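# Summary of structural features
Listed here are the chains, written in short residue letters.
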Amino acid sequence: MEAIKLTPACKDYLWGGNRLKNEFGKQSEQDIIAETWELSCHPDGSSTIAEGKEKGKTLARYLEEQGKALLGKNCEAFEDFPILIKLIDAKENLSVQVHPDNGYAAQVEHQQGKTEMWYVVDCEPGAALYYGLNREVTKQEFQKHMEDGTLLEVLNRVKVHPGDVFFIEAGTIHAIGAGILIAEIQQNSNVTYRVYDYDRTDAQGNKRPLHIQKALDVAALKPAPVRKWEKHLASCRYFTVDKIETNTAVAIDSDEKSFHHLLCLDGIGKVEWKDGKLEFQKGDSVFLPAGLGACKVSGNFQALHTWIPAPPSYRIGIDLGGTNIAVGIVDENLQLVAKHSVPTQAERPYQQIVEDMAKAVFTAMKEAGVSLEQCTSVGIGSPGICDSETGTVIYTNNIKWENVPLTAELQKWIPLPCYLSNDANCAALGEVAAGAAKGCKNAVLLTLGTGVGGGIILDGKIFAGCHSAGAELGHTVLVKDGEPCTCGRRGCLEVYASASALIRQAKRAAEKNPDSLLWKLCGGDLERMDARIPFEAERQGDETAKQVVKEYVACLSEGVINFVNIFRPEYVILGGGVCNEGARLLDPINDCVRRLCFGSDKVEPPKVVRAKLGNDAGIIGAAVLK
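These numbers were taken from a predicted model, which means no experiment stands behind them.

Here the focus is the nonpolar core. L556, V560, L574, L585 and I589 are the most contacted members of the largest nonpolar core, which totals 44 residues. Contacts of L556, omitting those with residues within four sequence positions, involve L448, A497, L574, L585 and I589. One finds I33, I49, C75 and C236 within the second-largest nonpolar core, a separate group that totals 38 residues.

Right, let's talk about the packing of helix α12 (residues 532-539) against helix α13 (residues 543-567) for a bit. Orientation of α12 relative to α13, taken along the N-to-C sense of each, is 125 degrees, at an axis distance of 8 Å. Here α13 runs oblique to α12, going by the angle between their axes. The two elements α12 and α13 meet at a crossing, and its hand is left-handed. Counted together, P534, F535, A537 and E538 of α12 and A545, K546, V548 and V549 of α13 form the full contact between these two elements. For the contact of α12 with α13, the per-class residue count stands at six nonpolar, no polar and two charged.

Both trends apply: most residues other than glycine have a negative phi, and most peptide bonds are in trans. The phi dihedral of L334 falls on the positive side, at around 60 degrees, and the residue is not glycine. By the secondary structure assignment, L334 is in the loop between β24 (324-330) and β25 (336-343). The buried category is assigned to L334, whose relative accessible area is 19%. For A471, which is not glycine, the phi dihedral falls at a positive 65 degrees. Of note, A471 is situated in the loop between β33 (461-462) and α9 (493-497).

Our focus in this paragraph is helix α10 (residues 499-512). Under the 1.5 Å per step criterion, the end-to-end length of α10 is 20 Å for 14 residues, consistent within 8% with the ideal 20 Å. When α10 is considered as a whole, its buried residues turn out to be A499, A501, L502, A506, A509 and A510. Viewed end-on, α10 has its buried residues packed into an arc of 165 degrees, placing them on one side of the element. Across from the buried face of α10, at angles greater than 90 degrees, the exposed residues are E511 and K512. Buried positions along α10 lie against β31 (443-448), α9, α11 (517-521), α12 and α13.

Ordered in space as β33-β32-β31-β34-β35, the five strands form an open sheet in which the pairing is mixed. Strands at the two margins of the open sheet, each flanked by one partner only, are β33 and β35 (607-610). Where strand β32 (residues 452-458) meets β33, two bridges bridge the pair, whose relative direction is antiparallel. Looking across to β33, one finds that L458 is bridged to K461. In the packing of α13 onto the sheet, contacts are made with β31, β32, β34 (571-575) and β35, and the angle to β31 comes to roughly 155 degrees.

Read across the sheet, three strands follow the order β27-β28-β29 without closing on themselves; strand pairing throughout is antiparallel. Of all strands in the sheet, those with a lone pairing partner are β27 (385-387) and β29 (401-404), marking the two edges. Geometrically, the sheet is characterised by an average inter-axis angle of 15 degrees between neighbouring strands, direction not taken into account. Across three bridges, the pairing between β27 and strand β28 (residues 392-396) is antiparallel.

Definitions and limits used
- Residues numbered from 1 in each chain as written.
- Predicted model: local features only at pLDDT ≥ 70, side-chain atom pairs only at ≥ 80, totals over all residues.
- Heavy atoms only, no water.
- Core = buried A, V, L, I, M, F, W, Y, C linked by side-chain atoms within 4.5 Å.
- Buried < 20%, exposed > 50% of the residue type's maximum accessible area, 1.4 Å probe, protein only.
- Contact = heavy atoms within 4.5 Å.
- Axes fitted to C-alpha atoms, helices over the stretch in contact; angles between N-to-C directions.
- Helix = DSSP H or I, 4+ residues; strand = E, 2+ residues; numbered from the N terminus.
- Parallel < 35°, antiparallel > 145°, perpendicular 65-115°, else oblique.
- Left-handed = near helix turned anticlockwise from the far one by under 90°.
- Nonpolar A, V, L, I, M, F, W, Y, C, P; charged D, E, K, R; others polar.
- Expected span 1.5 Å × (residues − 1).
- Arc of directions from axis to C-beta.
- Pairing = 2+ DSSP bridges.

In structure tokens:
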């Protein structure tokens with residue numbers, strides 16, 4: 001086993017220059033070298049072995065003969081060679097493009113999607129590229145800009161400097177500008193959808209086609225996030241890239257986990273391993289097979305060092321509802337990488353519902369390109385009283401279950417550690433783990449819907465009380481002998497602070513005040529009243545609506561203050577459609593908390609904030625159960 005120097009496949013696209021020939025020693029019969037595919041097993045252009053007895057053999061053929069063990073265990077999750085590394089010399093502007101993700105590319109193109117990174121090796125003064133959009137646009141706007149040739153108006157133009165790094169996730173609209181020389185590390189794919197091409201024509205005078213419909217299907221129509229890594233230039237599930245800049249020596253352990261690759265950008269150096277050595281210089285591409293062992297890389301050089309990281313681990317989150325079962329695959333950064341939903345059909349035996357739950361999990365895993373072996377656990381958020389110790393749903397009115405061994409039944413289908421909690425608890429945990437209260441350890445969540453759901457997080461853990469039957473915050477009494485509640489008591493918080501309560505109070509007020517704007521906004525039919533209408537009427541100055549909203553906010557505020565005095569959380573999180581009112585709802589509640597909660601003049605009171613994750617909170621919270 002030995003390190004291998006590679007010769008690239010060269011591409012002569014019309015926008016290319018001659019810097020790769022003149023400065024990096026690339027050889028080609030073509031006048032232009034736009035790209036060199038430095039590490040490639042792609043059928044559109046494979047690298048070849050540059051020296052030794054295997055000289056001239058494609059890397060793809062060599063690996064086929066020697067076996068995939070040379071790629072390493074981290075590559076076993078990939079069907080094909082995982083990456084493609086290029087040098088790109090843009091003498092002129094490249095077309096504006098967007099790449100599909102794996103799911104779309106597999107379905108439409110029958111190959112991988114394309115996420116990539118750019119490292120700016122060199123550039124002319126003032127050179128720039130396009131990275132995402134400068135504002136969010138609709139699909140209709142995006143299509144019109146493509147068809148009118150005015151897309152540059154909404155692109156984010158970024159001036160570049162040597163050493164800049166850009167992470168181009170699938171779906172990000174992008175283009176390399178003239179005068180830039182880039183090293184590109186990408187998924188092993190040649191799929192791209194052109195969306196703007198500067199009205200250029202080919203040798204026959206024909207404009208190159210745009211891929212408008214496919215671009216509409218895959219493009220992220222908002223500004224691209226700026227990704228930065230503390231320890232690497234870039235890292236994702238497909239590749240990790242570092243820059244080596246040294247005049248001494250560095251160590252690379254090319255063990256059984258992954259192959260390593262060096263792309264020398266400047267200077268000279270050498271790689272030494274147990275049984276040999278290989279010298280390299282500016283422009284050289286060096287492949288270190290997995291299992292080569294400890295390597296010493298020395299000299300005076302700059303190089304990009306790429307390898308394949310360990311496959312990421314995932315968790316499965318399930319939000320069981322009376323109407324639908326929502327399933328999500330959650331990555332190590334607590335991001336949802338795939339979701340799938342199926343009807344619950346709650347009247348069926350629980351075994352059939354759990355079977356569909358498991359099938360939904362498998363569908364989501366397939367969409368995410370994730371195997372069961374990559375998943376560490378599965379969590380379920382269920383309505384009702386849930387015994388987290390035994391994984392049993394003791395009782396839920398939504399699905400008419402009693403004493404259902406939910407986790408044990410699911411493990412017949414999915415052999416992973418399985419955890420269970422109440423769905424509101426999971427929503428609270430999700431908001432603390434990845435949402436509005438991310439980073440805090442103590443929070444209370446109130447969901448304002450048909451009723452008032454509650455979730456409590458104390459010291460980073462769900463508080464559910466004895467038999468996991470606590471945290472029914474909506475059924476704490478606000479008004480003694482008040483209005484009847486569905487739980488059998490009177491005056492519960494949810495009778496006054498749920499979205500249903502707001503609608504009921506608005507109807508009553510409208511009946512007493514026939515001239516109120518509430519009638520007009522619901523079209524003269526009080527059955528069409530919703531929680532938005534009272535706020536809209538208040539905005540328009542309706543006195544009746546003002547009183548309805550004032551009373552609703554006052555009741556909700558009293559409930560929030562009670563929970564602040566009991567738990568003293570860092571945040572109180574409000575969820576549900578009513579919270580779309582934003583500051584009109586939250587500002588007066590925060591004002592009440594500051595004025596009225598115990599000790600507010602001595603200790604900073606908690607903030608009342610809007611839930612951030614929406615319906616995904618329950619999935620993410622279930623996924624992080626343990």
